Amino acid sequence: MVNQKILLRSLAGAFLLVGTFFYYEHQKHKNDETLNTSKVSEIATSGTGNSAAENSYKLTCQQGYSMVKPLLSANQEREFSGFTELKAKISNVIEDDKKNSLLSSASVYLYNFNDGKWLSVNPDESYNPGSLIKLPMLITYLKESESDPALLNKKFKFDDNSQIPTQTYTSASVKKGNSYTVNELLHYMIANSDNNATRLLNEHVVINDFLKTFTDIQLPEPNVSDRNYQITAKNFSSFFVVLYYATYISNANSERAMKLLSECDFKDGLVKELPSSVKVAHKFGEWGDNRIGLHELHEAGVVYLNNRPYLLTVMTKGNNTKQLTNVVSKISRLVFDEFSASGASQPNM
């Protein structure tokens, strides 16, 4: 049996490079838009003909129980046809920015929490998540704390001389020689996207629990020995869906996670062009390789627009990280305006 300490060190090392954390075989999981039917409990269908297809819902349940199947999410089986016009507008923004060399590719996933309706642009493209991978780490620690209530108050000392890659967007960070509770480290990791706090949390996480966070919500298990992990916009969005509905961790911990995400201090993407009065729980991630001139910037978040909350995930690739943030902010504003329009709780219905 491989020594768990070695595995944990391997995991910590894999997280040092922002955006090069894990990899799963792309061909094996190419069809990211359809969850494995053996892991889905049932399909609930109402109506007939085209309306039946429109009103079909896929109920995704957590496995591993003999008497119950805890519900994780209920999504419409097919992309909502009422989003056709909005999808065309988003696609036009992407194509215009590609023509202007502001990006090379982008993917978008939009989910309406009130009814499970969704749209997806460029769904088959996968991306290096960068710091987005910190979200499942947060969920893992909160899940562990439900069986170990003392966990969040445990202290770990940060005493590491190793270098971490330079980030375009940086914020407050833990200091060498100081000790921090897990609660404090989670705040640094999510609100400030601090890689040093993340590294310390990585060193102490139970690796199997981290992997289980993925498989429990029906995502492929990441390979911790390979740093080139890729994920689609729709698959990553699953983490936000189970947090908003509080279907994977407790109500209190889901609320705790969303409050932390609402404290994210990155303001150049999803929230840049939104009114300051609108609350957004969000996480961004960046990755880049100067040798090949490729950079990626992604952001996902829940926009609490009155009684019309929605999830928006935007993933982008290009040659300039700061230009990519402008793409994210434009798409975010476009979606916000559609949802804000009079009678547009469900745009274009």
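## Concerning the overall build of the protein chain
Now for step 1: Per the secondary structure count, the protein chain includes ten helices and ten strands.
Now for step 2: Looking at the protein chain as a whole, 53% of its 349 residues are labelled buried.
Now for step 3: Split by element, the accessible area of the protein chain, about 15400 Å² in all, is 47% carbon and sulfur.

## A closer look at the packing of aromatic side chains
Now for step 1: Here the structure, examined in full by the defined rule, presents 17 aromatic pairs.
Now for step 2: Residues Phe 214 and Tyr 229 carry aromatic rings whose centres are separated by 6.2 Å and whose planes lie at 80° to one another, so their mutual orientation is edge-to-face. Within this pair, whereas Phe 214 is found in helix H7 (residues 207–216), its partner Tyr 229 is found in the loop between H7 and helix H8 (233–244), the two being separated by 15 residues in sequence.
Now for step 3: Take Tyr 229: its relative accessible area is 1%, and that puts it in the buried class.
Now for step 4: Aromatic pair Tyr 244 and Tyr 304: ring centres 6.3 Å apart, planes at 40°, arrangement tilted. Residue Tyr 244 is found in helix H8, and its partner Tyr 304 is found in strand S9 (residues 294–304); the two are separated by 60 residues along the sequence.
Now for step 5: The class for Tyr 244 is partly exposed, based on a relative accessible area of 28%.
Now for step 6: Members of the aromatic cluster, joined through ring pairs, are Phe 210, Phe 214, Tyr 229, Phe 236, Phe 239 and Phe 240.
Now for step 7: Positioned above the aromatic ring of Phe 284, the side-chain terminus of Lys 283 is 4.6 Å from the ring centre.

## A short note on the confidence of the model for the protein chain
Now for step 1: Of all residues in the protein chain, 80% attain a pLDDT of 70 or more, and the chain-wide mean is 83.
Now for step 2: Confidence over residues 342–349 falls short of pLDDT 50; this stretch has 19 contacts with residues more than four positions distant or in other chains.

## Side note on the sheet that holds strand S8 (residues 279–289)
Now for step 1: Strand order in the open sheet made by the five strands is S5-S4-S10-S9-S8, with antiparallel pairing throughout. The open sheet terminates on both sides in strands that have one partner only, identified here as strand S5 (118–121) and S8. With direction set aside, neighbouring strand axes in the sheet form an average angle of 5°.
Now for step 2: Relative to strand S10 (residues 310–318), strand S4 (residues 105–112) runs antiparallel, the two sharing eight bridges. Looking across to S10, one finds that Tyr 111 is bridged to Leu 311.
Now for step 3: Along the sheet, helix H3 (residues 84–99) makes contact with S4 and S5, crossing S5 at roughly 25°.
Now for step 4: Of the strands in this sheet, S8 and S9 are in contact with helix H9 (residues 251–262), which crosses S8 at around 65°.

## Here's the deal with the pairing of S4
Side-chain direction in a regular strand flips from residue to residue, so the side chains alternate between the two faces of the sheet.
Now for step 1: Burial runs high along S4: eight of the eight residues are buried.
Now for step 2: The alternating pattern of S4 places Ser 105, Ser 107, Tyr 109 and Tyr 111 on one face and Ala 106, Val 108, Leu 110 and Asn 112 on the opposite face, and all of these are buried.
Now for step 3: The pairing of S4 with S5 spans four bridges and is classified as antiparallel. In the sheet register, Tyr 111 faces S5, and the bridge partner there is Trp 118.
Now for step 4: In this structure, the hairpin formed by S4 and S5 is closed by a connection of five residues, where Gly 116 is found at a positive phi of approximately 80°.

## Some points on the pairing of S10
Now for step 1: For S10, the buried fraction is high: nine of the nine residues fall into the buried class.
Now for step 2: Inspection of the sheet shows S9 paired to S10 by nine bridges, in the antiparallel sense. Bridge pairing links Val 302 to Leu 311 in S10.
Now for step 3: Where S9 hands over to S10, the hairpin turn is made up of five residues, of which Asn 306 adopts a positive phi near 50°.

## Re H7
Residue pairs three or four apart in sequence face the same way in an α-helix, which turns once every 3.6 residues.
Now for step 1: By the burial criterion, the buried members of H7 are Ile 207, Phe 210, Leu 211, Thr 213, Phe 214 and Asp 216.
Now for step 2: Two residues or fewer after H7 comes Gln 218, characterised by a positive phi angle close to 70°.

## Observations concerning the pattern of salt bridges
Now for step 1: Going through the model one piece at a time under the given rule, you end up with twelve salt bridges.
Now for step 2: One salt bridge in this structure joins Glu 79 and Lys 87, with 3.0 Å as the shortest N-O distance.
Now for step 3: Accessibility expressed as a relative area gives 28% for Glu 79, which makes it partly exposed.
Now for step 4: Between Asp 289 and Arg 291 there is a salt bridge, with its nearest N and O atoms 3.0 Å apart.
Now for step 5: Several salt bridges converge on common partners, so that one network encompasses Glu 85, Lys 89 and Glu 338.

## Structural notes on the nonpolar core
Now for step 1: Among the nonpolar cores identified, the biggest contains 56 residues, and Leu 135, Leu 138, Leu 186, Phe 236 and Phe 240 are the most heavily contacted of them.
Now for step 2: The greatest single-element share of this core, amounting to seven residues, is contributed by H8.
Now for step 3: With residues up to four places along the chain from it excluded, the contact list for Phe 240 reads Phe 113, Leu 135, Met 258, Leu 261, Ala 281, His 282, Lys 283, Ala 300, Gly 301, Val 302 and Leu 311.
Now for step 4: Of all hydrophobic cores here, the second largest spans 35 residues; its members include Ile 90, Leu 324, Leu 334 and Val 335.

Thresholds applied
- Residues numbered from 1 in each chain as written.
- Predicted model: local features only at pLDDT ≥ 70, side-chain atom pairs only at ≥ 80, totals over all residues.
- Heavy atoms only, no water.
- Helix = DSSP H or I, 4+ residues; strand = E, 2+ residues; numbered from the N terminus.
- Buried < 20%, exposed > 50% of the residue type's maximum accessible area, 1.4 Å probe, protein only.
- Areas by Shrake-Rupley, 256 points an atom, 1.4 Å probe, with all protein chains shown as cover.
- Phe/Tyr/Trp six-rings, centres within 6.5 Å; stacked < 30°, edge-to-face > 60°.
- Lys NZ or Arg CZ within 6 Å of the ring centre and 35° of its normal.
- pLDDT = per-residue confidence, 0-100.
- Contact = heavy atoms within 4.5 Å.
- Pairing = 2+ DSSP bridges.
- Axes fitted to C-alpha atoms, helices over the stretch in contact; angles between N-to-C directions.
- Salt bridge = Lys/Arg side-chain N within 4 Å of Asp/Glu carboxyl O.
- Core = buried A, V, L, I, M, F, W, Y, C linked by side-chain atoms within 4.5 Å.

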